[in-house]
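Spelled out, the chains give:
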Amino acid sequence: MSGQRALPQSKEALLKSYQTRLKDDVKSILENFEETVKLARGEGDSQLSKTTQCEQDTYEMQVRAANIVRAFESLMKLVSDIKQYLILNDFHSVNEAIATNSQLFRATQRDCDKKLMKLRDEMALDLYDLEEEYYTSIFK
């Protein structure tokens, strides 16, 4: 694994299951779609009457359409699962965001500390001047 971090076995197995689910769902969609198109074209030899064959093809197309919908729903669930996996396992990005925010907050804290120290020093000078003026005043 040159340049890549090794995944724990549980994560690797989970990713393989995602890949398997993806392949199975796409395969199901394609197979059902192809068969639906064949049925719509009227391909296939049958010993049944035209009306009976038409009814049977209609029912089969409905079943295949339901299979396609089921496969798409499964794909949507897979996308949701993958998003959740990425959110829960993307610690590197989370750590980077935390570090960036921490640096920003530290810089803000240093700036506030400098302003507070400057204000403290100015107040101390003003109080010193006020005290000096009080003790040297003739109006005491």
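Whatever comes next refers back to the structure up there.
Every chain is numbered on its own, with residues counted from 1 as its sequence reads. In view of the model being predicted, local features appear only for residues whose pLDDT reaches at least 70, and side-chain atom pairs are presented and counted only at 80 or more, with totals across whole chains, interfaces and linings using the full set of residues. Hydrogens and waters are ignored; side-chain quantities use all the structure's heavy atoms.

Draft legend 1. Summary view of the packing of aromatic side chains. Aromatic contacts are taken between Phe, Tyr and Trp rings whose centres are within 6.5 Å, Trp giving its six-membered ring; a plane angle under 30 degrees counts as stacked, one over 60 as edge-to-face, and the others as tilted. The tally for this structure, following the rule as stated, stands at 2 aromatic pairs. Between Tyr18 and Tyr85 the ring centres are 6.1 Å apart and the planes differ by 85°, which places this aromatic pair in the edge-to-face class. Taken as a pair, Tyr18 in helix H1 (residues 9-41) and Tyr85 in helix H2 (residues 50-89) lie far apart in primary sequence, 67 residues in all. Taken individually, Tyr18 and Tyr85 each receive the classification buried, so the pair is uniform in this respect. Summarising the aromatic geometry, the rings of Tyr134 and Tyr135 are spaced 5.2 Å apart at their centres and angled 70° between planes, so their arrangement reads as edge-to-face. In this text, helices come from DSSP runs of H or I with a minimum length of four residues, and strands from runs of E with a minimum of two, each type numbered from the N-terminal end. Any residue under 20% of the maximum accessible area for its type is buried, any over 50% is exposed, and the rest in between are partly exposed; the area is computed with a 1.4 Å probe on protein chains only.

Draft legend 2. Region of interest: the nonpolar core. Among the buried residues, those of types Ala, Val, Leu, Ile, Met, Phe, Trp, Tyr and Cys that are joined through side-chain atoms within 4.5 Å form a nonpolar core. Ranked by size, the top nonpolar core spans 6 residues in total: Tyr18, Ile29, Ala71, Leu75, Leu78 and Tyr85. When residues of this core are traced back to their parent elements, those giving at least two are H1 and H2. Sorting elements by how many residues they give to this core places H2 first, with 4 residues. Any pair of residues with heavy atoms lying within 4.5 Å of one another is described as a contacting pair. If we ignore the near neighbours within four places in the chain, the residues touching Tyr18 are Leu78, Asp81, Ile82 and Tyr85.

Draft legend 3. Focus on the pattern of salt bridges. Salt bridges are defined by distance alone: a side-chain nitrogen of Lys or Arg within 4 Å of a carboxyl oxygen of Asp or Glu. For the structure shown, the criterion picks out 6 salt bridges. Between Asp81 and Lys77 there is a salt bridge whose closest N-O contact spans 2.6 Å. Of this pair, Asp81 and Lys77 both sit in helix H2, 4 residues apart, which is roughly one turn of that helix. A relative accessible area of 13% means that Asp81 is categorised as buried. A relative accessible area of 48% places Lys77 in the partly exposed class.

Draft legend 4. Summary view of the side chain of Asp25. Its location among the elements puts Asp25 in helix H1. For the purpose of charge, His is not counted, nor are the chain termini; Lys and Arg are scored as positive and Asp and Glu as negative. Buried charge without a salt bridge: Asp25, with Arg70 as the nearest opposite-charge side chain at an N-O distance of 4.1 Å.

Draft legend 5. Here's a closer look at the packing of H1 against H2. In contact at an axis separation of 9 Å, H1 and H2 are set at 160° when each is read in the N-to-C sense. Here H2 runs roughly antiparallel to H1, going by the angle between their axes. In this structure, H1 meets H2 at a crossing whose hand is left-handed. Polar here means any residue other than Ala, Val, Leu, Ile, Met, Phe, Trp, Tyr, Cys and Pro, which are nonpolar, and Asp, Glu, Lys and Arg, which are charged; Gly is therefore polar. The residue inventory of the contact of H1 with H2, partitioned by class, reads 16 nonpolar, 6 polar and 11 charged. In this description, a line fitted to the C-alpha atoms serves as the axis of each element, helices being fitted only across the stretch in contact, and the angle between N-to-C directions of two axes falls anywhere from 0 to 180 degrees. What sets the label is the angle itself: under 35 degrees gives roughly parallel, over 145 gives roughly antiparallel, 65 to 115 gives roughly perpendicular, and the rest give oblique. Each crossing gets its handedness from the near helix: less than a right angle anticlockwise from the far helix is left-handed, clockwise is right-handed.

Draft legend 6. Molecular detail of H2. Take the residue count of a helix, subtract one, and multiply by 1.5 Å to get its expected span. Here H2 is 40 residues long and its end C-alpha atoms lie 57 Å apart, about the 58 Å a rise of 1.5 Å per residue gives. All buried positions along H2 are accounted for by Gln53, Asp57, Arg64, Ile68, Ala71, Leu75, Leu78, Asp81 and Tyr85. On its buried face, H2 is in contact with H1.

Draft legend 7. Seen up close, a nonpolar patch on the surface. Patches were defined on residues exceeding 30% relative accessible area and lacking a salt bridge, with like-charge contacts within 9 Å and nonpolar side-chain contacts (Val, Leu, Ile, Met, Phe, Trp, Tyr) within 5 Å. The protein chains shown are the only cover counted for residues, whose accessible areas, like all others here, come from Shrake-Rupley with a 1.4 Å probe. A cluster of nonpolar side chains, Leu22, Val26 and Leu30, forms an exposed patch at the surface whose accessible area comes to about 240 Å². Positionally, Val26 belongs in helix H1.

Draft legend 8. Up close: the environment of Val69. Here Val69 lies in helix H2. The spacing of Val69 and Ile29 is 40 residues in sequence and 8.3 Å in space, taken between C-alpha atoms.

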